[in-house]
Amino acid sequence: MGTEGARALLERAATLTLQTGNLLSWGCLRKKCPATPGEEVRDCIQKTLSEWSSKIGQDLNHQEILEVLECTVAQAIEKINPEERDELKVSAKLFIVGSNSSSIRDAVDLACSALRVAQLDSVIIAPPPVEDGTSLSLEYLQPYWQELETLVQNKKIVAIGTSDLDKTLLEQLYLWAQVKPSSNQVNLASCCVMPPDLTAFAKQFDIQLLTHNDPKDGIC
């Protein structure tokens, strides 16, 4: 069966690239309203894996075993029409789950390839997870931000921003960075009103403050 073939490929692959495509094209997902963003992510992953695995051939002897396995569903993939590119703003938010900062470059390359664009207009980075009892620090953010700066210098990204930084850490990052953050997202769960010190600093240095309700752990 296709599911057995898919399982064998997944077990042998070192990296899995999973692309859900345009969620609005999934009819079954439009019919239900996920209770949380995490539930929505799980539903999308499960549906994509199910559709993809059902199309895997039964004879694995003729299947090439790939180190990087791409899991996509063709009918859900939509690329940007080059003629419409100038009318669109393409943004991405990256959730870092490991300590390898080069994953940022890989994610941006994948996003550009999937959407068929040369660069992203805006990329926001969610703070990487820290160990219990450890506070997020500038030193912890620096390698990830440097990777983003390189992508800006290479014209893969136009503007870069942050997420969930308080005024102190945002100021430290701004003063240290060569490419300054253009935006900072604030989680609605942590505050109903923007902190005054954060608002004042952002206004002074022309940093756009945005809101979001993404969980710290995207799949929780």
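It should be emphasised that the depicted structure is a prediction, and the values quoted were computed from it without experimental measurement. (Residues numbered from 1 in each chain as written. Predicted model: local features only at pLDDT ≥ 70, side-chain atom pairs only at ≥ 80, totals over all residues. Heavy atoms only, no water.)

K.L.:
Got a minute to help me understand a negative patch on the surface in this structure?
P.N.:
A contiguous patch of negative charge, built from Glu-83, Glu-84, Asp-86 and Glu-87, is present on the exposed surface. One can find Glu-84 in the loop between strand 2 (68-72) and strand 3 (91-95). With relative accessibility at 41%, the residue Glu-84 sits in the partly exposed group. (Patch = residues over 30% accessible without salt bridge, like charges linked within 9 Å, V, L, I, M, F, W, Y side chains within 5 Å. Areas by Shrake-Rupley, 256 points an atom, 1.4 Å probe, with all protein chains shown as cover. Salt bridge = Lys/Arg side-chain N within 4 Å of Asp/Glu carboxyl O. Lys, Arg positive; Asp, Glu negative; His and termini not counted. Charge placed at Lys NZ, Arg CZ, Asp CG, Glu CD. Helix = DSSP H or I, 4+ residues; strand = E, 2+ residues; numbered from the N terminus. Buried < 20%, exposed > 50% of the residue type's maximum accessible area, 1.4 Å probe, protein only.)

K.L.:
How do you make sense of the packing of helix 4 (residues 103-115) against helix 5 (residues 138-153) when you look at a structure like this?
P.N.:
The description of two packed helices rests on the angle between their axes and on the distance between the axes. Axis separation between helix 4 and helix 5 bottoms out at 9 Å; the angle between their running directions is 40°. Between helix 4 and helix 5, the angle falls in the class oblique. On helix 5, the residues that touch Ile-104, Arg-105 and Val-108 of helix 4 are Tyr-144, Glu-147, Leu-148 and Leu-151. Of the residues that constitute the contact of helix 4 with helix 5, the class distribution is five nonpolar, no polar and two charged. (Axes fitted to C-alpha atoms, helices over the stretch in contact; angles between N-to-C directions. Parallel < 35°, antiparallel > 145°, perpendicular 65-115°, else oblique. Contact = heavy atoms within 4.5 Å. Nonpolar A, V, L, I, M, F, W, Y, C, P; charged D, E, K, R; others polar.)

K.L.:
What am I meant to see in the sheet that holds strand 4 (residues 120-126) here?
P.N.:
Strands pair in a sheet through their backbones, by hydrogen bonds, and they do so in one of two ways: parallel or antiparallel. Spatially, the five strands line up as an open sheet ordered 3-4-5-6-7, and their pairing is parallel. At either end of the open sheet lies a strand with only one pairing partner, and these are strand 3 and strand 7 (208-212). Geometrically, the sheet is characterised by an average inter-axis angle of 30° between neighbouring strands, direction not taken into account. Relative to strand 4, strand 3 runs parallel, the two being bridged by five bridges. Directly across from Ser-91, in strand 4, lies its bridge partner Ser-122. Relative to the sheet, helix 5 contacts strand 4 and strand 5 (157-163), its axis offset from that of strand 5 by approximately 160°. (Pairing = 2+ DSSP bridges.)

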